[in-house]
Amino acid sequence: MPGTPGVGKTTLGKELASRSGLKYINVGDLAREGQLYDGYDEEYDCPILDEDRVVDELDNQMREGGVIVDYHGCDFFPERWFHIVFVLRTDTSVLYKRLETRGYSEKKLTDNIQCEIFQVLYEEATESYKEEIVHQLPSNKPEELENNIDQILKWIEQWIKDHNP
């Protein structure tokens, strides 16, 4: 589940895991716990993810299947890991307010809003995976969260039927 910071990936991922029984992994938390970093970005005031170490750390769990992965980017994850990719999208006015409450610097705010405007993470997903498995979901208000959960649960149910005759 890629998407710009603040679009609701964590909220959706945790709720989906709770209702579906799938395992939820927040890559940011995984990196923090395992110190899976490769330096520090002074400009954005955040650690730089060591993508190779993250892939190594996750590979066994991903082979088992049944995992929801939450991270803003997705281009470094192997294509074989995913059967479907849901990219969350949020209106920039809503997103700006969410990021502002997180205390983001003006540069970080601007860059993330531009990322959403130009659909950077959606394009990254369509370039990294087969286009037919990449779907956009709106994430602006609580009722959209419920609709997204329902839609994904239906997809999971159908996938299980199709793959376990």
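Conventions used here
Residues numbered from 1 in each chain as written. Predicted model: local features only at pLDDT ≥ 70, side-chain atom pairs only at ≥ 80, totals over all residues. Heavy atoms only, no water. Core = buried A, V, L, I, M, F, W, Y, C linked by side-chain atoms within 4.5 Å. Buried < 20%, exposed > 50% of the residue type's maximum accessible area, 1.4 Å probe, protein only. Helix = DSSP H or I, 4+ residues; strand = E, 2+ residues; numbered from the N terminus. Contact = heavy atoms within 4.5 Å. UniProt positions renumbered as here; feature names shortened; annotations may be inferred. Phe/Tyr/Trp six-rings, centres within 6.5 Å; stacked < 30°, edge-to-face > 60°. Lys NZ or Arg CZ within 6 Å of the ring centre and 35° of its normal. Patch = residues over 30% accessible without salt bridge, like charges linked within 9 Å, V, L, I, M, F, W, Y side chains within 5 Å. Areas by Shrake-Rupley, 256 points an atom, 1.4 Å probe, with all protein chains shown as cover. Salt bridge = Lys/Arg side-chain N within 4 Å of Asp/Glu carboxyl O. Lys, Arg positive; Asp, Glu negative; His and termini not counted. Charge placed at Lys NZ, Arg CZ, Asp CG, Glu CD.

## Considering the nonpolar core
Considering soluble globular proteins, one finds that nonpolar side chains tend to be buried as a cluster. In terms of nonpolar packing, the biggest core is built from 25 residues, with Val54, Leu58 and Phe77 touching the most fellow members. Taken together, the elements giving at least two residues each to this core come down to helix 2 (27-34), helix 3 (51-64), strand 4 (67-70), strand 5 (85-89) and helix 6 (120-128). The element best represented in this core is helix 3, accounting for 4 residues. The contact partners of Leu58, leaving out residues within four places of it in the chain, are Ile25, Val27, Leu30, Phe77 and Trp81. Core analysis: the next-biggest nonpolar cluster, separate from the first, contains 19 residues, Leu16, Ile68, Leu99 and Leu109 among them.

## Re the side chain of Asp59
With respect to the helices and strands, the residue Asp59 is situated in helix 3. Those residues within four positions of Asp59 in sequence are excluded, and the remaining contacts are Arg80 and Trp81.

## So, the UniProt feature "binding site: ATP" (unreviewed entry) in the protein
UniProt's feature table lists "binding site: ATP" (unreviewed entry) at Gly6, Gly8, Lys9, Thr10, Thr11, Arg102 and Lys141, given in the numbering used throughout. Within the fold, Arg102 resides in the loop between helix 4 (92-101) and helix 5 (106-117). Contact partners of Arg102, with chain neighbours within four places excluded, come to Pro5 and Gly6. One can find Lys141 in the loop between strand 6 (134-138) and helix 7 (142-163). Taking relative accessible area as the criterion, Lys141 reaches 44% and is therefore assigned partly exposed.

## Concerning the packing of aromatic side chains
Overall, the coordinates contain 7 aromatic pairs when judged by the stated rule. Each ring, one from Tyr71 and one from Phe76, has its centre 6.0 Å from the other, and the planes form 80°; the classification is edge-to-face. Look at Tyr71 and you get buried, because its relative accessible area is 15%. When its relative accessible area of 15% is taken as the criterion, Phe76 is described as buried. Look at Phe76 and Phe77: their rings are 4.3 Å apart centre to centre, the planes differ by 40°, and that puts the pair in the tilted class. As far as burial versus exposure is concerned, Phe76 and Phe77 are alike and both buried. The structure contains a cluster of three or more aromatic residues connected by ring pairs, namely Tyr71, Phe76, Phe77, Trp81, Phe82 and Tyr129. Sitting over the ring of Tyr104, Lys108 keeps its end group 4.8 Å from the ring centre.

## Side note on a negative patch on the surface
On the surface, Asp38, Glu51, Asp52, Asp56, Glu57, Asp75, Glu123 and Glu127 cluster together to form a negatively charged patch. Top element by residues in the negative patch is helix 3. It accounts for 4 residues. With respect to the element layout, Asp52 can be found in helix 3. In this structure Asp52 comes out as exposed when scored by relative accessible area, which is 60%.

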